[in-house]
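If you want the building blocks of each chain, they are given just below.
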Number of protein chains: 2
Amino acid sequence: MTGYVPTYRVILNDLRKSIASGQLKPGDKLPTLSELADKYDCALGTARRALEILLETGEIIGKQGKGTYVAEKKL
Amino acid sequence: MTGYVPTYRVILNDLRKSIASGQLKPGDKLPTLSELADKYDCALGTARRALEILLETGEIIGKQGKGTYVAEKKL
DNA sequence: TACGATTTGTTCGTATGTATC
DNA sequence: GGATACATACGAACAAATCGT
């Protein structure tokens, strides 16, 4: 089984793994939407969906015109 | 000022208010995507965006082919 | 059993706006 | 002004699950 995993979930999991492992540290800039879409061979909207969840949960911070960054750890 | 509020945020806030006020109780069925899109005069995708956030945060539960329901309060 | 209608779930494409560099 | 990048919104297509006939 293992089931089907939607693309946006794959991206979401990968990013969370990168943050948890310290590969991406607080303040670090994440790949752009274009880079993610290219890496996972998906549409921009699909890549964005992963980021939207991380944004909503406060795990990353989006800065218009600049990029998205790993949020500072909150206690 | 007062700032612009995106449509999906308006829907999100309204639904959260309905849940917090008890107007929508745990187990209750939420309006369908079509109904929300109709009520707020927006596209299905925009209405869905509000629900996706509530789904991600566990505030509601989606059941394919049936509808979306207010989640049981967790302790 | 089979079919259609309904509803949620995923993905794509496009357009426009806003902010930064 | 132009290029880059995030933010919102629309439309469309298809899959999967459910329900009623």
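Structure: see above.
Residues numbered from 1 in each chain as written. Chains lettered and ligands numbered in written order. Predicted model: local features only at pLDDT ≥ 70, side-chain atom pairs only at ≥ 80, totals over all residues. Heavy atoms only, no water.

A word on the relation of the copies chain B and chain A
For the match of chain B to chain A, the screw axis carries a shift of 0.0 Å, the RMSD comes to 0.0 Å, and the turn is 180 degrees. Those values place the two copies in the arrangement expected of a two-fold rotation axis. No C-alpha of chain B lies nearer the rotation axis than that of I53 of chain B, which sits 3.7 Å from it. A shared binding surface is used by both copies, with 100% of the interface residues of chain B retained as interface residues in chain A. (Least-squares fit on C-alpha atoms with pLDDT ≥ 70 in both. Contact = heavy atoms within 4.5 Å.)

Notes on the protein's contact with DNA strand D
Around DNA strand D sit 21 residues in total, of which R48 of chain A together with Y4, T7, T46 and Q64 of chain B are the nearest. If you look at DNA strand D and keep only atoms within 4 Å of the protein, 84% of those are sugar or phosphate atoms. The contact in question runs from a phosphate oxygen of DNA strand D to an N or O atom on the side chain of Y4 of chain B, over 2.9 Å. Here a phosphate oxygen of DNA strand D and a backbone polar atom of T7 of chain B are 2.7 Å apart. Counting residues per element, the ones that place at least two in the surface near DNA strand D are helix 3 (44–56) and strand 1 (60–63) of chain A together with helix 1 (7–20) and helix 3 (44–56) of chain B. Partitioned by chemical class, the residues of the surface near DNA strand D number 7 nonpolar, 9 polar and 5 charged. (Near = heavy atom within 4 Å. Polar contact = N/O pair within 3.5 Å; in protein donor to acceptor, adjacent residues only side chain to side chain. Helix = DSSP H or I, 4+ residues; strand = E, 2+ residues; numbered from the N terminus. Nonpolar A, V, L, I, M, F, W, Y, C, P; charged D, E, K, R; others polar.)

Examining the protein's contact with DNA strand C
The full set close to DNA strand C counts 21 residues, and T7, A43, T46 and Q64 of chain A together with R48 of chain B are the nearest of them. Atoms of DNA strand C within 4 Å of the protein belong to the sugar or the phosphate in 81% of instances, the rest to bases. At 3.1 Å from a phosphate oxygen of DNA strand C is found a side-chain nitrogen or oxygen belonging to R49 of chain A. Where the surface near DNA strand C is concerned, the elements lending two or more residues are helix 1 (7–20) and helix 3 of chain A together with helix 3 and strand 1 (60–63) of chain B. The residue makeup of the surface near DNA strand C, split by class, is 7 nonpolar, 9 polar and 5 charged.

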